[in-house]
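In case you want the letters, here they are:
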Amino acid sequence: MSDHGFGSEPSGHIPEPADRWLLVAVAGLLSFVAMLDMNIVNIALAAISDSLDVSAATAQWAVLGYQLPVVALLLPVGRWLDGVGQRSALLVAAGGFAVCSALAAVAPWVAWLIAARIAQGAFGAVLFVLMPVLAIRSVRPEARGRAMSVPATLGPLGAVTGPAVGGLLLDHLGWRAVFLVKIPVCLLALVVAWRAMPKDGRLRGLDRRALVDTALVATGVTVLLVSLTLAYDAPGWLLPALAAVPPLWWWLRGPGGRPVTGALRDSRAYPAHGAVLGLAAGFAATHYVAALYLQRDTGFSATATGLALLAFPLGMGVAGPVGGRLADRYGARPVAVVGASLTALGLLLVPLGDDWSLPDIAWRLALAGVGMGLNGGPTQALVMGAAPRERTATVAATLQLARSLGFTVGPALATAAWGLAGPADGVRAGLALAAVAACAAVPLIAFRGRTAPSPAGEGAGAAPGTSPATAPAAAAGGRTPGTPPETAAGPRDRTATDEEPDETTDAASAARP
């Protein structure tokens, strides 16, 4: 028996950095809360309208005031987060989100409520982008799949459970409780971040160029979202969406857009983004068309319809953790492809008929949900694991934007297909479009690109504790105080023939000295 005392470790041994699963859990909870707020207020709009004595159209801005800045600011927020410390950004975002929730809950008039929701949307955009970054940087590369499956599963579950949670709160505590319910989670996240995250880079304001870029992106994305939202009821609103092209094109061709397109080009992430958009559009279109058909054409009650549609998130919640574990064992891409294939199969089987029962629909949606659960975490690990370290937040923002646009585009296009096909075949046309979008995602996620040569230190797979603000020092071979030795030694250099660093995350540990 040997004594493994001080100095007994072999020469050159580097201790393993510890995975910080507590921070991964925080990332999942805040993803759930940020997505919960996308839908939880919808069910309280009538009560808000009566309490504040405003029209239903005005009360609707309690929802749009949050949703529009969340999506419109994703890309500028991603660029900003790549240059600031994670801890500082998380403290400000979670704290601001909680304060705005409290301000919305005590709103004495509607202008106050809308202003609080717009500010909350800005903080929500930071949480949307920062949470996957926090998850992937809190674990070693071989645990990325499990880590990314936490926010990738809890986030969408927050969106689909929002109406149910909101309904319970509205019935028992009133509409103001709908805004207060998120505050305890934000306070818990603040305590954990303050105690568990090392101090890193400080926050910085936006310069004039960044403000112009933010205005261009926000204008273009807002016009696009409003047009797509209005197209649900009138497909002619799809045409004004073309007005979003000039500001977005100007931004893409300028100094603010080039780093974004460069990061996507270097990591070969365009096909995966298309797959994310396709799966989100397919699910949203199916959910929208099925809900309308079941209630309007078959006469099922809202409760029965809701229970049938609940099969999708249940399947997703069960399969999400499994997908992460499989990705860490067999590689992210194969699991993501299997998940996308199951989702496409489930949606292909959904075309509704007169003799279908609710269980017939539910098990098909459950199959699609299992596929989405298997696909979510591995796809995020696949894309963000190949991103340059200094652009991790930027790539996370583009991924979130693709998913958000898919959720918006899907119902709009399904409505247009329904209208063009006519009442008799409209349902099948909408579902066929959804199935095509999901099927297109399978070859996109299966596409295996090749990355260009990158200097040592790139890649999102930094050791736990490395933040965007400390990455330059680590890449240069130095070490910042409080970071583990692995931070100073980035991943090995890749050659032009190397594949993306995501195929078998187990291989990452074997490649380490």
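Since the model is a prediction, treat every value here as computed from it, not as a measurement. (Residues numbered from 1 in each chain as written. Predicted model: local features only at pLDDT ≥ 70, side-chain atom pairs only at ≥ 80, totals over all residues. Heavy atoms only, no water.)

**Student:** Please provide a residue-by-residue account of the overall build of the chain, values included.
**Tutor:** Counting its regular elements, the chain contains 22 helices and zero strands. Relative to its 513 residues, the chain shows a buried fraction of 55%. Contacts in the chain between residues at least 24 apart in sequence constitute 84% of all its contacts with a sequence separation of at least 6. Carbon and sulfur atoms make up 67% of the accessible area of the chain, which totals about 21400 Å². (Helix = DSSP H or I, 4+ residues; strand = E, 2+ residues; numbered from the N terminus. Buried < 20%, exposed > 50% of the residue type's maximum accessible area, 1.4 Å probe, protein only. Contact = heavy atoms within 4.5 Å. Areas by Shrake-Rupley, 256 points an atom, 1.4 Å probe, with all protein chains shown as cover.)

**Student:** Quick rundown of the environment of Ala89? Include the residues and the values.
**Tutor:** Relative to the elements of secondary structure, Ala89 occurs in helix H6 (residues 86–105). In this structure, the C-alpha to C-alpha distance between Ala89 and Asp200, residues 111 residues apart in sequence, is 10.0 Å.

**Student:** Please provide a residue-by-residue account of the environment of Gly28, values included.
**Tutor:** Following the sequence through the fold, Gly28 ends up in helix H1 (residues 21–39). Once the C-alpha coordinates of Gly28 and Gly155 are considered, the two residues, 127 residues apart in sequence, prove to be 7.0 Å apart. Setting aside its immediate chain neighbours within four residues, Gly28 contacts Val150, Pro151 and Leu154.

**Student:** Run through the pattern of salt bridges, naming residues and quoting values.
**Tutor:** Taken as a whole, this structure holds four salt bridges when the rule is applied. One salt bridge in this structure joins Asp37 and Lys182, with 2.3 Å as the shortest N-O distance. On the criterion of sequence distance, the pair formed by Asp37 in helix H1 and Lys182 in the loop between helix H9 (177–180) and helix H10 (183–196) is long-range, its members being 145 residues apart. Between Asp328 and Arg146 there is a salt bridge whose closest N-O contact spans 2.7 Å. Taken together, the positions of Asp328 in helix H16 (residues 311–330) and Arg146 in helix H8 (residues 144–173) put the pair 182 residues apart, joining distant regions of the chain. Under the relative-accessibility criterion, Arg146 is labelled partly exposed at 27%. Within this structure, Asp37, Arg117 and Lys182 form a network of salt bridges that share partners. (Salt bridge = Lys/Arg side-chain N within 4 Å of Asp/Glu carboxyl O.)

**Student:** An account of the packing of H8 against H16 is needed here, citing residue identities and associated values.
**Tutor:** Orientation of H8 relative to H16, taken along the N-to-C sense of each, is 170°, at an axis distance of 7 Å. The angle between H8 and H16 falls in the class roughly antiparallel. Classified by chirality, the crossing of H16 by H8 is right-handed. Contact with H8, carried on its side by Arg144, Gly145, Arg146, Ser149, Ala152, Thr153, Pro156, Leu157 and Val160, involves Pro313, Met316, Gly317, Gly320, Pro321, Gly324, Arg325, Ala327 and Asp328 of H16 and no other residues of that element. (Axes fitted to C-alpha atoms, helices over the stretch in contact; angles between N-to-C directions. Parallel < 35°, antiparallel > 145°, perpendicular 65-115°, else oblique. Left-handed = near helix turned anticlockwise from the far one by under 90°.)

**Student:** So what's going on with the side chain of Thr343? Residues and values would help.
**Tutor:** As for its placement among the helices and strands, Thr343 is situated in helix H17 (residues 332–348). Beyond its immediate stretch of four places on either side in the chain, Thr343 contacts Leu279, Ala368, Gly371 and Met372.

**Student:** Describe the nonpolar core, naming the residues involved and giving the relevant values.
**Tutor:** By size, the foremost hydrophobic cluster in this structure holds 59 residues, and its most contacted members are Leu81, Leu90, Leu127, Phe128, Val129 and Met131. No other element matches helix H7 (residues 110–137), which puts 11 residues into this core. Apart from the residues within four sequence positions on either side, Leu127 is in contact with Leu30, Ala34, Leu90, Ala93, Ala94 and Phe97. Counting residues in hydrophobic clusters, the runner-up holds 50 residues, among them Val276, Ala368, Ala402 and Ala441. (Core = buried A, V, L, I, M, F, W, Y, C linked by side-chain atoms within 4.5 Å.)

**Student:** So what's going on with the confidence of the model for the chain? Which residues, and what values?
**Tutor:** This prediction gives the chain a mean pLDDT of 78; 81% of its residues lie at or above 70. Considering only residues more than four positions removed or in separate chains, one finds that residues 451–458, a stretch of pLDDT under 50, has 25 contacts. Below a pLDDT of 50 lies the segment residues 466–513, which in the model reaches 104 contacts outside its immediate sequence neighbourhood of four places, other chains included. (pLDDT = per-residue confidence, 0-100.)

**Student:** Got a sec to walk through a nonpolar patch on the surface? Specific residues and values, please.
**Tutor:** On the surface, a nonpolar cluster with roughly 480 Å² of combined accessible area is contributed by Val99, Leu103, Val106, Trp109 and Trp112. Mapping Trp109 onto the fold places it in the loop between H6 and H7. (Patch = residues over 30% accessible without salt bridge, like charges linked within 9 Å, V, L, I, M, F, W, Y side chains within 5 Å.)

**Student:** Lay out the side chain of Thr214 in plain terms, naming residues and giving numbers.
**Tutor:** Residue placement: Thr214 occurs in helix H11 (residues 208–230). The residues contacting Thr214, other than those within four sequence positions of it, are Leu73, Pro76 and Leu206.

**Student:** Can you break down H8 residue by residue, with the values?
**Tutor:** Of all the bends in H8, the greatest, near 50°, is centred on Thr161, and the proline Pro163 appears no more than four residues after it. Just beyond H8, the residue with positive phi is Gly174, at close to 95°. (Bend = angle between axes of the 7 residues up to and from the residue.)

**Student:** Account for the packing of helix H5 (residues 74–81) against helix H19 (residues 392–421), naming residues and giving values.
**Tutor:** At a closest axis distance of 7 Å, the pairing of H5 and H19 adopts a crossing angle of 165°. The orientation of H5 relative to H19 falls into the category roughly antiparallel. Relative to H19, H5 is oriented so that their crossing is right-handed. For the pair H5 and H19, the contacting residues are Leu74, Leu75, Gly78, Arg79 and Leu81 in the first and Ala393, Thr394, Ala397, Thr398, Gln400, Leu401 and Ser404 in the second.

**Student:** Let's hear about helix H18 (residues 358–385): which residues, and what values?
**Tutor:** Given 3.6 residues to a turn, an α-helix orients residues that are three or four positions apart in the same direction. Over its 28 residues, H18 extends 40 Å from the first C-alpha to the last, a length consistent with the 40 Å expected when each residue adds 1.5 Å. Within H18, the axis deviates most sharply at Asn375, by approximately 25°, and proline Pro378 lies no more than four positions further along. For H18, the buried fraction is high: 22 of the 28 residues fall into the buried class. (Expected span 1.5 Å × (residues − 1).)

**Student:** Please give an account of the packing of aromatic side chains that cites residues and values.
**Tutor:** In the structure shown here, the tally under the stated rule is five aromatic pairs. Each ring, one from Trp175 and one from Phe179, has its centre 6.0 Å from the other, and the planes form 90°; the classification is edge-to-face. Neither residue differs from the other here; Trp175 and Phe179 are each classed as buried. Ring plane angle 80° and centroid distance 6.0 Å describe the contact between Phe283 and Phe407, whose orientation is recorded as edge-to-face. (Phe/Tyr/Trp six-rings, centres within 6.5 Å; stacked < 30°, edge-to-face > 60°.)

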